[in-house]
Each structure stands twice: as structure tokens, then as C-alpha cells.
Amino acid sequence: DTGVSQDPRHKITKRGQNVTFRCDPISEHNRLYWYRQTLGQGPEFLTYFQNEAQLEKSRLLSDRFSAERPKGSFSTLEIQRTEQGDSAMYLCASSLLIVVDTQYFGPGTRLTVL
Amino acid sequence: AQSVTQPDIHITVSEGASLELRCNYSYGATPYLFWYVQSPGQGLQLLLKYFSGDTLVQGIKGFEAEFKRSQSSFNLRKPSVHWSDAAEYFCAVGAPSSNTGKLIFGQGTTLQVKP
């Protein structure tokens, strides 16, 4: 399977704990995106990487959130001191280096904060 | 700023009936337009996209969409719905002037198919 993969698929944590999610994009894709989707809503943009550079962050991404993409390959999204409001589906997508191109989405990581 | 409106939160159709899901966007020029489908607990799968050219776009699974500039719309259609089409459908826009390619999504329309 050469699609976008995400790990873990589900994460349950207690409030105040740190969590980290991983995304492996399609291998030749230079761009990688993180979105957050809450129940009954469409995905909302969080942040974007072009190769290893993080070029844009949404104001939704508070100081407790950090994302990395070392070597321009896989990416990690870490949430520190989780809050119940962080409960959501975290989606990763990748695309080729074109102004706007088709984004291919992974299956998502469902986070539940108790 | 870009925005996307999907006026219908929930639609129910009978199997075999035709389907139209509405999408309206706000953007100063012609955006790039997408329809994605999401099954429960899954990621998003691209159905079709419009970048330029013919305003009637064919997609996978028998879906099509028509871009109407005058109405700022990009409605999704299917002539005959199958039970397996039950899912959530998202319209999204991307700005050609953007350096990031990020997408703005609508709220989604949940499709229920009656046997």
C-alpha cells in the first residue's frame, strides 16, 4: 500500500498527558498537511510542510501543539498537556509540490482525552 | 477570505434515486474545487476535482459535479444512488493564489440511503 499512513489509529489519554502522532506521506510527495476534524465538522487546517520546512501554522495550533518533519519524510504532531477540547480526528494529507494539487489523506488518528 | 457552505447537513434518498449535494463557495476568483467522501472512522477519499476547463467534471463511483461561476456553486450529482454511497461528503476549495495549497472545507453533508 503506497498511500498515506498514520499511527496510531486511536489514542485514549488522560487530561494533562502528552501524545504524539505519526504520519507517513506518499513517498514522492513534497507537501504534507495536518488537519483537525471534530464531530459534525469538516477538517480544519492546522499546519503545512514543504519538504522539511514548516511554512504555515493556523491560529488553531496553540503553543501546546508542535509538528516536525525531519528530513522531509514522515511527520510527527505532538500535543502537550492535553485538554478535553483536543479530542478530535487528526488527519494527515500529502501532495506534490504544485500550487494547489490533489491532497491524499490518511485514515486519521482518533484522539480521546478523558 | 475563502469559505465553503454546504447548506444540507443531512440528506436521505432512496436507493436508485438521483442525488444532488449542494456546495457554495466564497472566493474572489475561480478557486480549485474538490469533493471528498468519508466513511465512518475513515480518512477522506477524493471523488473529483475542478481546476479549469470543462465545467462538468466526472469522478469516481459514477459521481459528477458542475462548476457554475455565476452561482459560485459546485454541486455534486449522481443519477442513481447505491446503498454503499451512504457516507459523509465534503466540498473543499483551494486558492490558486495561495503558496500553501491548503484546503478550506465545508461542514459536510451526511447521506443516508433508504433500501
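Everything below is about the structure printed above this text.
As a starting point, this report considers the structure included with it.

What counts and how
Residues numbered from 1 in each chain as written. Chains lettered and ligands numbered in written order. Predicted model: local features only at pLDDT ≥ 70, side-chain atom pairs only at ≥ 80, totals over all residues. Heavy atoms only, no water. Phe/Tyr/Trp six-rings, centres within 6.5 Å; stacked < 30°, edge-to-face > 60°. Helix = DSSP H or I, 4+ residues; strand = E, 2+ residues; numbered from the N terminus. Buried < 20%, exposed > 50% of the residue type's maximum accessible area, 1.4 Å probe, protein only. Lys NZ or Arg CZ within 6 Å of the ring centre and 35° of its normal. Disulfide = S-S within 2.5 Å.

### Here we look at the packing of aromatic side chains
Argument step 1. One pass over the structure, following the stated rule, counts 17 aromatic pairs over all chains.
Argument step 2. A centroid spacing of 5.2 Å and a plane angle of 25 degrees characterise the contact between Tyr33(A) and Tyr48(A), whose relative ring orientation is stacked. Taken together, the residues Tyr33(A) in strand β4 (residues 31-37) and Tyr48(A) in strand β5 (residues 44-50) connect sequence positions 15 residues apart.
Argument step 3. By relative accessible area, which is 1% here, Tyr33(A) ends up buried.
Argument step 4. With centroids separated by 6.4 Å and ring planes inclined at 45 degrees, the aromatic side chains of Tyr50(B) and Phe74(B) adopt a geometry described as tilted. A residue pair is termed long-range when its members are at least 10 positions apart, and Tyr50(B) in strand β6 (residues 44-50) and Phe74(B) in strand β9 (residues 73-78) qualify at 24 residues.
Argument step 5. Taking relative accessible area as the criterion, Tyr50(B) reaches 4% and is therefore assigned buried.
Argument step 6. A relative accessible area of 0% means that Phe74(B) is categorised as buried.
Argument step 7. Each residue in the set Tyr33(A), Tyr35(A), Phe45(A), Tyr48(A), Phe105(A), Tyr32(B), Phe34(B), Tyr36(B), Phe51(B), Phe90(B) and Phe105(B) is aromatic and connected to the rest through ring pairs, giving one cluster.
Argument step 8. The cationic tip of Arg22(A) hangs over the ring face of Phe74(A); the distance from NZ or CZ to the ring centre is 3.9 Å.

### Considerations on the state of the cysteines
Residues and elements named next belong to chain A.
Argument step 1. In this structure the tally under the stated criterion is 2 disulfides over all chains.
Argument step 2. Between the sulfur atoms of Cys-23 and its disulfide partner Cys-92 the distance amounts to 1.8 Å. Taking the torsion about the S-S bond as the criterion, the Cys-23 to Cys-92 disulfide, at about -65 degrees, is left-handed. In this pair, Cys-23 is assigned in strand β3 (residues 19-24) and Cys-92 in strand β9 (residues 88-95), connecting sequence segments 69 residues apart.
Argument step 3. Cys-23 gets classed as buried once you look at its relative accessible area, which sits at 0%.

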